[in-house]
Each structure stands twice: as structure tokens, then as C-alpha cells.
Amino acid sequence: MTTKTIDFAQYSSIKIGQKIDVMLLEEPSDFTDTYYLLGSCNNTLIGTQPPPLMLLSKKYNYIKIEDTVLTIGGATPSGKIASFCKKHDIAHFELLSHLPGKLGGLVYMNAGLKEYEIFNHLLSITTCQGTLKKEEISYGYRFTDINSPILEVSFTLEKGFDKEKVALFKKMRSNQPSTPSAGSCFKNPKGDYAGRLIEAVGLKGMRVGGMEFSTVHANFLVNQGNGTFDDAMELIKEAQKRVVEKFRIHLECEIIILDKRYMNEKL
Ligand SMILES: Cc1cc2nc3c(=O)[nH]c(=O)nc-3n(C[C@H](O)[C@H](O)[C@H](O)COP(=O)(O)OP(=O)(O)OC[C@H]3O[C@@H](n4cnc5c(N)ncnc54)[C@H](O)[C@@H]3O)c2cc1C
């Protein structure tokens, strides 16, 4: 297997991390569960004690049209998929114009906005352990039970790229800060909003070091410059503590925390 050195302070959307030698997965047989597989690190916070990391190789960056099916490699970036669908007048991928990530990460997280989710038009996935039809996968709000690297995903192919939907998603995203972040910090608890709860316990705009619960949207933990993993963890824990004390609600992290000290904790 080959390795690649990645500077996570550059690579990750939250701009935190160090240089790490990452394994590249070329063949399904390369995978062992001692490695943690990453996409483009838009939903991930890398700690100072990360597990061994792996990325899909460039071989999995492709898009194919096959009759009524669109087949896309797991390492394909969302922007490339959105541009392809615009060019070929394909429906249902407008969401990806404004959603950062690679397809494997987007599917694993069942990424989306409100009722528009990546699973809506998905047919099947191919992982290192074989192919699974949508009906065989358990999925929900920012959740799937997929437990093997996603190499390829098939979707229903329908005509009709909708520019109005692109505008709608852009508008829906307009309340999100543009400062570096890893997207929403916590999942919305049933019937409530993580941002409202963080604001209600007085943490909107709260800073520790270079990290801050954004003044634009409190559920975005943003890096105002030189923010560290420890700064981020201090804010995450403080929010969870205050929200439990005041509302008896556990705020579950949507951000994935990759640090051996925290990976067995329910964060
Ligand atoms: C500014 C901003 C706004 C965002 N807005 C939204 C939003 O509105 N809605 C939303 O849903 N998300 C949002 N996100 C989060 C992010 O876009 C999604 O979670 C996306 O799916 C992350 O993809 P990634 O490739 O970066 O995954 P990573 O962060 O690299 O990984 C995320 C998870 O996916 C797993 N994974 C990655 N690749 C694979 C693979 N090939 N096979 C199996 N598992 C894999 C990883 O192991 C990890 O558990 C936002 C992020 C940012 C930075």
C-alpha cells in the first residue's frame, strides 16, 4: 500500500490538525479496521492522538452513466458531481452544489438539508465487503449503519437539473458562517435545535483560544485563527454540560472526533 502525507491544518475544513502519513486504499483487500477511513474531512475534527488514517485512492474518483443508473466512485468530490449533473441535465444532485465532501463521506453521514438527503435517490452501495441495496441499509438523520469503506454508489438517473433548487439550497445555507468549521457541531435533538440550546445557555459567540460558537449560527464551531483541538473540545464539553444542566438534553456530536482519548466516549 502507498502512503501520502497530508497536512490536516490545510486539508480539513476546520483547519485543525498536523501532518500525518495516511494510507491510500487501492484495492478492497487493502482495508483493515485498524485504519480510520476519511473523505475530505469536512465533518471531522482531528485530535493530537489520531488513529491510523486511510483515504480512498484517486481510482475511486469517477462518474459513469449506465442506462438508467448513475454510478459514482466514493472519492468523487461533491462539486464535481454537481457540475457533471448540471452539464448532463441530471436531476436530484443540486444539493451537492453547496454541500462539501466526497461521496463516501456524504453517503456515510446521509448528508443533506432538511428533507433533501443523499439517500433519497440512492439505489445501492459497493463497499469493501460487497454490494448492499438501499433496503439492506439502516439510515436516518445524519446516520447510517454502514461499517465498511464505500467504494461506489449507484443512484436513479433522471433528467432535469433544477437551477431553482440550487438557488433554494444556497438560500437555506445562507445562515451558515463562512469562517472555517466542520459543519454543524451537534445533531439537532428531536423537536429542537442545537443552535437554540447553545444560545439559551449563553454560549453563542463564546470563545476559547481561537475557537468560537459562531455569532452567525451558534451550532457552528468556527476557527477564528490558530484554534486548536483542545480549544474545540473545551467548548464542546462546556456546551454539553450546560445543556444537560439546564434542559436535561444530551447534545450528540455531529462532528466526528478523531482522537484515541475520545473515540470510545459517547460524545
Ligand atoms: C461549511 C460546512 C457546511 C456543512 N453543511 C452541511 C449540511 O448542510 N448538511 C450536512 O449534512 N452536512 C453538512 N456539512 C458536513 C459535511 O459536508 C458532510 O458531513 C459530508 O458528508 C462530509 O464529507 P467528507 O468527505 O468531508 O467526510 P469526512 O469528514 O472525511 O468523514 C465523515 C465520516 O464519513 C466517513 N467516511 C468518509 N468517507 C467514507 C467512505 N468512502 N466510506 C465509508 N465511510 C466514509 C468517515 O469515516 C467519517 O466517519 C457541512 C460542512 C461544512 C464544512
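In this text, all values refer to a predicted model and were calculated from it rather than measured experimentally.

**Student:** Give me the lowdown on the site of the ligand, citing residues and values where you can.
**Tutor:** Around the ligand sit 31 residues, and of these Tyr36, Leu37, Thr44, Pro100 and Gly112 come closest. For the ligand, an oxygen atom lies 2.6 Å from a polar atom in the side chain of Tyr36. Interatomic distance of 2.9 Å between a backbone N/O atom of Ser40 and an oxygen atom of the ligand. Burial of the ligand by the protein amounts to 94% of the accessible area it has alone, namely 980 Å². Listed by contribution, the elements that provide at least two residues to the shell around the ligand are β3 (36-38), α3 (103-108) and β8 (112-113). It is α3 that provides the largest number of residues to the shell around the ligand, a total of four residues. When grouped by side-chain class, the residues that make up the shell around the ligand number 15 nonpolar, 13 polar and three charged.

**Student:** Explain the pattern of salt bridges residue by residue, including any values.
**Tutor:** A complete count under the given rule lists nine salt bridges for this structure. Salt-bridge contacts for Glu254 lead to Arg142; the nearest nitrogen and oxygen are separated by 3.9 Å. Here Arg142 lies in the loop between β12 (139-140) and β13 (143-144) and Glu254 lies in the loop between α6 (229-247) and β18 (256-258), a separation of 112 residues in the sequence. A relative accessible area of 9% means that Glu254 is categorised as buried. Look at Arg142 and you get buried, because its relative accessible area is 11%. Residues Glu252 and Lys187 are paired through a salt bridge, measuring 3.5 Å at the closest nitrogen-oxygen approach. On the criterion of sequence distance, the pair formed by Glu252 in the loop between α6 and β18 and Lys187 in the loop between α4 (163-172) and α5 (194-200) is long-range, its members being 65 residues apart.

**Student:** Go over α6 with me, naming the residues and quoting the values.
**Tutor:** Helix length check: α6 (19 residues) gives 27 Å between terminal C-alpha atoms against 27 Å at 1.5 Å per residue, within 8%. Along α6, the residues that are buried comprise Phe229, Asp231, Ala232, Met233, Leu235, Ile236, Ala239, Gln240 and Val243. Two residues or fewer after α6 comes Arg248, characterised by a positive phi angle close to 60°.

**Student:** An account of unusual backbone geometry is requested, with residue identities and associated values reported.
**Tutor:** Although it is not a glycine, Asp67 adopts a positive phi angle of roughly 50°. Tracing the backbone through its elements, the reader meets Asp67 in the loop between β6 (63-66) and β7 (69-73). At His92, a residue that is not glycine, the phi angle is positive and equals roughly 85°. Inspection of the secondary structure puts His92 in the loop between α2 (78-87) and α3. For His92, a relative accessible area of 23% corresponds to the partly exposed category.

**Student:** How would you explain the packing of aromatic side chains if you had to name every residue and give the values?
**Tutor:** Scanning all chains against the criterion turns up six aromatic pairs. Their ring planes at 85° and their centres at 4.9 Å tell us that Tyr116 and Phe169 sit as a pair that is edge-to-face. You can see Tyr116 sitting in strand β9 (residues 116-117) and its partner Phe169 sitting in helix α4, a full 53 residues away along the chain. Pairing Phe119 with Tyr139 gives two aromatic rings, centres 4.3 Å apart and planes at 25°, and the pair type is stacked. With Phe119 in the loop between β9 and β10 (122-127) and Tyr139 in strand β12, this pair connects stretches of sequence that are 20 residues apart. For Phe119, a relative accessible area of 0% puts it in the buried group. Classification of Tyr139 as partly exposed rests on a relative accessible area of 37%.

**Student:** Provide a residue-level description of the layout of surface pockets, including the pertinent values.
**Tutor:** Taken as a whole, the second largest pocket spans an internal volume of roughly 480 Å³. Along the wall of the second largest pocket there are 19 residues; nearest its centre are Glu252, Cys253, Ile255, Ile256 and Ile257. Of all the elements in the fold, those that place two or more residues in the lining of the second largest pocket are β13 and β18. In terms of residue count, the dominant contributor to the lining of the second largest pocket is β18 (three residues).

**Student:** Pulling in residues and values, what's your account of the environment of His121?
**Tutor:** Relative to the elements of secondary structure, His121 occurs in the loop between β9 and β10. Not counting chain neighbours up to four residues away, the residues in contact with His121 comprise His92, Lys134, Phe155 and Thr156. Among the polar contacts made by the side chain of His121, one reaches the side chain of His92 at a distance of 3.3 Å.

**Student:** A description of the sheet that holds strand β15 (residues 207-208) should follow, citing residues and the corresponding values.
**Tutor:** Here we have three strands laid out as an open sheet, ordered β15-β16-β17, and antiparallel in their pairing. Here the strands that pair on one side only, and so sit at the sheet edges, are β15 and β17 (221-223). As paired elements, strand β16 (residues 211-213) and β17 share three bridges and run antiparallel to each other. Within the sheet, the bridge partner assigned to Phe213 lies in β17 and is Leu221.

Procedures and definitions
- Residues numbered from 1 in each chain as written.
- Predicted model: local features only at pLDDT ≥ 70, side-chain atom pairs only at ≥ 80, totals over all residues.
- Heavy atoms only, no water.
- Near = heavy atom within 4 Å.
- Polar contact = N/O pair within 3.5 Å; in protein donor to acceptor, adjacent residues only side chain to side chain.
- Areas by Shrake-Rupley, 256 points an atom, 1.4 Å probe, with all protein chains shown as cover.
- Helix = DSSP H or I, 4+ residues; strand = E, 2+ residues; numbered from the N terminus.
- Nonpolar A, V, L, I, M, F, W, Y, C, P; charged D, E, K, R; others polar.
- Salt bridge = Lys/Arg side-chain N within 4 Å of Asp/Glu carboxyl O.
- Buried < 20%, exposed > 50% of the residue type's maximum accessible area, 1.4 Å probe, protein only.
- Expected span 1.5 Å × (residues − 1).
- Phe/Tyr/Trp six-rings, centres within 6.5 Å; stacked < 30°, edge-to-face > 60°.
- 1 Å grid on protein atoms, 1.4 Å probe; cavity = no way out; pocket = protein on both sides within 12 Å on 5 of 7 lines; lining within 4 Å.
- Points joined across faces, edges and corners; volume = space filled by probe spheres on them.
- Contact = heavy atoms within 4.5 Å.
- Pairing = 2+ DSSP bridges.

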